[in-house]
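Each chain, letter by letter, is given below.
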Amino acid sequence: MSAWQRQTIVGVLTFLGFTCVLLGFTFIAFPLDEWSDLWTHTVLDLPYVFLVLTFSISIGILVGLTQGWIWKRTLQAVEYQLGEIAKGNPVVYGQSEVSEMNEIEARMKQIEEKFEQQTALAQKVATERAEDREKSLQEVVVQERNRLARELHDSVSQQLFAASMMMSAINDSEAPADPAMKKQLDMVEKMIHQSQLEMRALLLHLRPVALKDKALSEGIEELLYELTQKVPMEVDWSIEEVALEKGLEDQLFRILQESVSNTLRHAKAEALSVSLMEREQNIILRVIDDGIGFDVEEAKSSSYGLQNMQERASEVGGSLKIVSLKNQGTRLEVKVPYRKKEETYS
């Protein structure tokens, strides 16, 4: 039964009760000889019984509408509070005059505390996994990844750089007489440039992704500084120093690496902006580029990288939001509720 149905019943019962009270008062104060007197006696040129019914119906409707409006506002407030809890935002509770509403808010507080405990537990588990992963990481695997990255950088990457320089020199020299040949040379130069970006993205993946003894802010700044030295792209960042647990730092750093790699390989961007901040008990990581953009819904079902980032965000109780417009760039935002230990367990 909906709130409006309940209040309709309240209005009808109010009407019947008020009618009985008025008629009872009439019979006591002005005894009637016959029931027909209710119709023959007039007040304001209207039959008395009609006036009683009209007045009672009006009171019933007014009471029902008032009660319905009050309960609708109350339920809307509860719905809003539940929505804030679902988003992981803190909720402000008030003291209601209705005892049932106080009981509902008490249950909502319990749900909110449960969500916070689950988020803290998920982050704790992620931290333990990250620590176990670092402890169990075999040194030979790290050495092999470094060896592959070094050999690719010293051989293939250098050759691509040399080929790029040669093609640039050829295209900057006297243009070929054949326009088709000129077009093909330009295309080859673009292909070499794209191959360089692919190689840099590959080297980014080959590097060990663990932060080791570095804080998240230090790891991000080192990664982006190195990127400015190797990629012809404008890179800027705003990184706040936030004290996070190891597991959360590790997942955010991996998401950033995946996002930067996707930008290098697919975005054709000229500028990249990265920011890390703490706002309203949430850790926010943003990565913005001015590339060609893509269809987010289509990519979600086919891109392993996007799925991987989504899973990493969910693993620490966070959310991943991507907005991309054609020829206007892409905006990635990771938002993770974070309570400091003294706040979570106090």
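What you are looking at is a predicted structure, and each value in this text was computed from that prediction instead of being measured.

J.: What is the right way to look at the overall build of the protein in this model?
T.: Looking only at helices and strands, the protein has 11 helices and seven strands in total. Across the 346 residues that make up the protein, the buried fraction comes to 35%. Long-range pairs, those at least 24 residues apart, make up 67% of the contacts in the protein with a sequence separation of at least 6. When the accessible area of the protein is evaluated, it comes to approximately 21700 Å², of which 58% is carbon and sulfur surface.

J.: Looking at this structure, I do not really get the pairing of strand β3 (residues 234-239). What am I missing?
T.: Each regular strand displays side chains that alternate between the two surfaces of the sheet. Pairing of β3 with strand β4 (residues 271-279), which is carried by six bridges, proceeds in the parallel orientation. Looking at β4, one finds that isoleucine 239 is bridged to leucine 276. Each parallel crossover has a hand, and the one from β3 via helix α8 (residues 246-267) to β4 is left-handed.

J.: I keep staring at the pattern of salt bridges and nothing clicks. Help me out?
T.: Any two side chains of opposite charge can pair, on the condition that their charged atoms come close. Within the structure shown, the criterion is met by six salt bridges. Taking the shortest distance from any N to any O, the salt bridge between arginine 331 and glutamate 333 comes out at 3.8 Å. Classification of glutamate 333 by relative accessible area gives buried; the value is 17%.

J.: So what exactly am I meant to see when it comes to the pairing of β4 here?
T.: Here β4 runs beside strand β5 (residues 282-289); their pairing, made up of eight bridges, is antiparallel. Paired with serine 273 across the strands is isoleucine 288, a residue of β5. With antiparallel pairing between neighbouring strands as the criterion, β4 and β5 make up a hairpin whose turn holds two residues, including glutamate 280 at a positive phi of roughly 50 degrees.

J.: Please explain α8 as it appears in this structure.
T.: Owing to its 3.6 residues per turn, the α-helix aligns residues three or four sequence positions apart on the same side. An ideal rise of 1.5 Å per residue puts 32 Å on 22 residues; α8 measures up with 30 Å between its terminal C-alpha atoms. Of all 22 residues in α8, 20 are buried; the element is thus mostly enclosed.

J.: I'm lost on the sheet that holds β4 in this one. Help?
T.: Within a sheet, neighbouring strands are paired by backbone hydrogen bonds and run either parallel or antiparallel to one another. Ordered by their spatial adjacency, five strands build an open sheet running β3-β4-β5-β7-β6, and the pairing between neighbours is mixed. What marks the edges here is a single partner per strand, and that holds for β3 and β6 (319-325). Neighbour-to-neighbour, the strand axes of the sheet open up by a mean angle of 10 degrees, direction not taken into account. Across the sheet, α8 touches β4, β5 and β7 (329-337), and the angle it forms with β5 is around 10 degrees. Where helix α10 (residues 304-315) meets the sheet, its contacts fall on β6 and β7, and the angle it forms with β6 comes to roughly 145 degrees.

J.: Just to check I follow, could you spell out the packing of α8 against α10 for this structure?
T.: Two quantities define a packed helix pair, namely the angle between the helix axes and the distance between the axes. Packing of α8 against α10 brings their axes to within 10 Å, and their N-to-C directions diverge by 160 degrees. Classified by the angle their axes make, α8 and α10 are roughly antiparallel. Crossing handedness for the pair α8 and α10: left-handed. Touching Gln251, Arg254, Ile255, Glu258, Ser259 and Asn262 of α8 are Gly305, Asn308, Met309, Arg312, Ala313 and Glu315, all from α10. Residues that form the contact of α8 with α10 fall into these classes: three nonpolar, five polar and four charged.

J.: What is the right way to read the packing of helix α7 (residues 216-230) against α8 from this model?
T.: Remark: α7 packs on α8, axes separated minimally by 10 Å, with the N-to-C direction vectors making an angle of 15 degrees. Compared by their axis directions, α7 and α8 come out roughly parallel. Seen from above, α7 lies across α8 with right-handed handedness. Residue-level contacts link Leu216, Gly219, Ile220, Leu223 and Leu227 of α7 to Glu249, Leu252, Phe253, Leu256, Gln257, Val260 and Leu264 of α8.

J.: Teacher, can you tell me more about the nonpolar core here?
T.: In summary, soluble globular proteins display a tendency toward joint burial of nonpolar side chains. If you look at the biggest cluster of nonpolar residues, it comprises 37 residues, and the most contacted ones within it are Ile220, Leu252, Val274 and Val334. Take this core: its biggest share by element is seven residues, from α8. Beyond its immediate stretch of four places on either side in the chain, leucine 252 contacts Leu216, Leu244, Ile283, Leu285, Val334 and Val336. The next biggest cluster of nonpolar side chains, apart from the first, holds six residues, and it includes Val78, Ile85, Met101 and Met108.

Criteria and cut-off values
- Residues numbered from 1 in each chain as written.
- Predicted model: local features only at pLDDT ≥ 70, side-chain atom pairs only at ≥ 80, totals over all residues.
- Heavy atoms only, no water.
- Helix = DSSP H or I, 4+ residues; strand = E, 2+ residues; numbered from the N terminus.
- Buried < 20%, exposed > 50% of the residue type's maximum accessible area, 1.4 Å probe, protein only.
- Contact = heavy atoms within 4.5 Å.
- Areas by Shrake-Rupley, 256 points an atom, 1.4 Å probe, with all protein chains shown as cover.
- Pairing = 2+ DSSP bridges.
- Right-handed = clockwise from strand over helix to strand, strands pointing away.
- Salt bridge = Lys/Arg side-chain N within 4 Å of Asp/Glu carboxyl O.
- Expected span 1.5 Å × (residues − 1).
- Axes fitted to C-alpha atoms, helices over the stretch in contact; angles between N-to-C directions.
- Parallel < 35°, antiparallel > 145°, perpendicular 65-115°, else oblique.
- Left-handed = near helix turned anticlockwise from the far one by under 90°.
- Nonpolar A, V, L, I, M, F, W, Y, C, P; charged D, E, K, R; others polar.
- Core = buried A, V, L, I, M, F, W, Y, C linked by side-chain atoms within 4.5 Å.

Treat this as a map of the structure, not an account of what it does.
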